[in-house]
Amino acid sequence: DPQQLELATSSKRRLRRFIVMDEVVDELYGPKVRRYFEANNVQYKILALPTTEETKSMDLVLSILQEVQAFGIDRRTEPIIAIGGGVCLDIVGLAASLYRRRTPYIRVPTTLLSYVDASVGAKNGVNFLQCKNKLGGYTPPVASFLDRSFIQSIPRRHISNGLGEILKMALMKHKGLFDLLKSHGKYLLDTKFQSYTDSTGRGDAALQTTRIAIETMLEELAPNLWEDDLDRLVDFGHLISPELEMRVLPALMHGEAVTIDMAFMTYVAYARGLLSGGEKEQIIQCMRALELPVWHGACSWRLIQRALVERLKHGGGRPRMPLPTGLGVAEIFNDTSEETLQEAYQLWVGD
C-alpha cells in the first residue's frame, strides 16, 4: 500500500520488528537476516528457539510473549515475523493471535513442508496432553513470504517430507500434479526444489509443482477458512496420522506420517472398489519413488481404531473420510464399514 509505505518511511520513529526464528535456521541464515534489518535501519530483536513437535507447547508460546512484551511493539503496525518450519509458524501464529487479542504476523517458511502447507490458511496451534494441535485458533497472517532458496539447505529427508503433503493435494484434486511427481520426483529431490532451466526438458518443475500444490490448497481452504464445513478434502492423510505421529515421536516426521495414513486409505479405497489395482499400485509406487514410507509397524489395528474414534469426535460424529476415487479425484465418505477397513488393513500389512 503506497500510503502505508509513505507513512512508514516518513515517520521519525525507526521501524521495529520482533522476529522468532528456529534456532537451526538462525545458525544458517541469522547473519544474513541481521544484515538485512541493519541495512534498512530497522530496530529488531531476533528470538532463536528450538521449534520441534516435542517443544510445540503453550510454555513456548508464553516464553515468546514475555519477550514480545519486553521488546514492546505497536499492536497494529509492527507485525511479528516467524522464520522457520511449520512448527515455528504454528507457535508464532498462536502467540500473535493471543497478544493483545490479535497482533499481525508474517510467515516465512524455510522447509518444503511449511512452504506448501503451514504457510497457507489461517490455522495455528500447539500440542496439548500428547494430542497434536489440540490448542489453537484461526488467525491468518497478514502475509506469507515464499522463498525457495531456504529449501536448498534442508536434508533430503525433509524434501521427501514436504513431498508427502504435495502428493496429498495431487491425489485429491490434480491429476496433472500427480503426473509431475511421478515424472520429476527424483529430479526434485536431487535439486532440492531449486529452479533450473536446462536441456533436460524438465522446465521449471520446482516452480510448477509448488505453485499447483499451493493453488489447489487455497482452492480448498479459502471458501472454508474457519472450518465451518467439516467435510474437507485436505484432511486426506490426517485421520490416523495425528495418533501415529504423536505415538512414535520423533521417529516420523509429519509428512511421513501423513503418507503412511494415505497409503492405508489408498487400500481402503481399493477395498471399496473406488480404485483399480493398477491405480493403487501407481500411488504406492509414487510414494516409494518420493522416498516416503508406506507402512509403519506402530500403525496397529488398535491404533487405527483409536484414531478413528478421535476422528468421530473431531468430525462432529461422522468419520468424514476423504478417499481417492481415481488419480486426482476424490470424495468424502461416511459409510465405510469396519469389515472393509479390516480387509484393507490385512491387504496393506500383507503387502
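Procedures and definitions
Residues numbered from 1 in each chain as written. Predicted model: local features only at pLDDT ≥ 70, side-chain atom pairs only at ≥ 80, totals over all residues. Heavy atoms only, no water. Helix = DSSP H or I, 4+ residues; strand = E, 2+ residues; numbered from the N terminus. Expected span 1.5 Å × (residues − 1). Buried < 20%, exposed > 50% of the residue type's maximum accessible area, 1.4 Å probe, protein only. Phe/Tyr/Trp six-rings, centres within 6.5 Å; stacked < 30°, edge-to-face > 60°. Lys NZ or Arg CZ within 6 Å of the ring centre and 35° of its normal. Salt bridge = Lys/Arg side-chain N within 4 Å of Asp/Glu carboxyl O. Pairing = 2+ DSSP bridges. Axes fitted to C-alpha atoms, helices over the stretch in contact; angles between N-to-C directions. Parallel < 35°, antiparallel > 145°, perpendicular 65-115°, else oblique. Left-handed = near helix turned anticlockwise from the far one by under 90°. Contact = heavy atoms within 4.5 Å. Nonpolar A, V, L, I, M, F, W, Y, C, P; charged D, E, K, R; others polar.

J.: Which residues make up helix α6 (residues 156-173), and what are the values?
T.: The end-to-end C-alpha distance of α6 is 26 Å, a good match for the 26 Å that 18 residues give at a rise of 1.5 Å each. For α6, the tally of buried residues reaches 14 of 18 residues, placing the bulk of the element in the interior.

J.: So what's going on with the packing of aromatic side chains? Which residues, and what values?
T.: Inspection of every chain in the model, using the stated rule, returns nine aromatic pairs. Seen in terms of ring centroids, Phe18 and Phe71 are 5.8 Å apart; in terms of plane orientation they differ by 55°. Their pairing is tilted. Of this pair, Phe18 sits in strand β1 (residues 16-22) while Phe71 sits in helix α3 (residues 58-71), and the two are 53 residues apart along the sequence. Phe71 gets classed as buried once you look at its relative accessible area, which sits at 16%. Summarising the aromatic geometry, the rings of Phe264 and Tyr345 are spaced 6.2 Å apart at their centres and angled 80° between planes, so their arrangement reads as edge-to-face. One end of the pair, Phe264, is in helix α10 (residues 254-271); the other, Tyr345, is in helix α13 (residues 338-350), with 81 residues separating them in the sequence. With respect to burial, Phe264 and Tyr345 carry one shared label: buried. Through pairs of rings, three or more aromatic residues link up here, namely Phe264, Trp301, Tyr345 and Trp348. The positively charged end of Arg16 is found above the aromatic ring belonging to Phe71, 4.2 Å away from the centroid. The ring of Tyr270 carries Lys280 above its face, with NZ or CZ at 5.0 Å from the centroid.

J.: Go over the pattern of salt bridges with me, naming the residues and quoting the values.
T.: Enumeration according to the criterion identifies 25 salt bridges in this entry. Lys186 is the salt-bridge partner of Asp190, the closest N and O atoms lying 2.7 Å from each other. Placement of both Asp190 and Lys186 in helix α7 (residues 175-191) is noted, with a separation of four residues, approximately one turn of the helix. By relative accessible area, Asp190 is classed as partly exposed at 41%. By sharing partners, the salt bridges in this structure join Lys123, Glu227, Arg232, Asp235 and Arg311 into a single network.

J.: Describe the pairing of strand β4 (residues 105-109), with residues and values.
T.: Summarising burial for β4: five of the five residues are buried, a large majority. Here β4 shows a buried face lined by Tyr105, Arg107 and Pro109 and a second buried face lined by Ile106 and Val108. In the sheet, strand β3 (residues 80-84) pairs with β4 via five bridges, with the strands oriented parallel. Across the sheet, Ile83 pairs through a bridge with Val108, a residue of β4.

J.: Please set out the packing of α3 against helix α4 (residues 86-98) residue by residue, giving values where relevant.
T.: Between α3 and α4, whose axes approach to 9 Å, the crossing angle comes to 60°. Relative to α4, α3 is oriented oblique. For the pair α3 and α4, the sense of crossing is right-handed. Every residue of α4 that contacts α3 at Met58, Leu60, Val61, Ile64 and Leu65 is listed here: Ile91, Val92, Leu94, Ala95 and Leu98. Class assignment of the residues belonging to the contact of α3 with α4 gives a composition of ten nonpolar, no polar and no charged.

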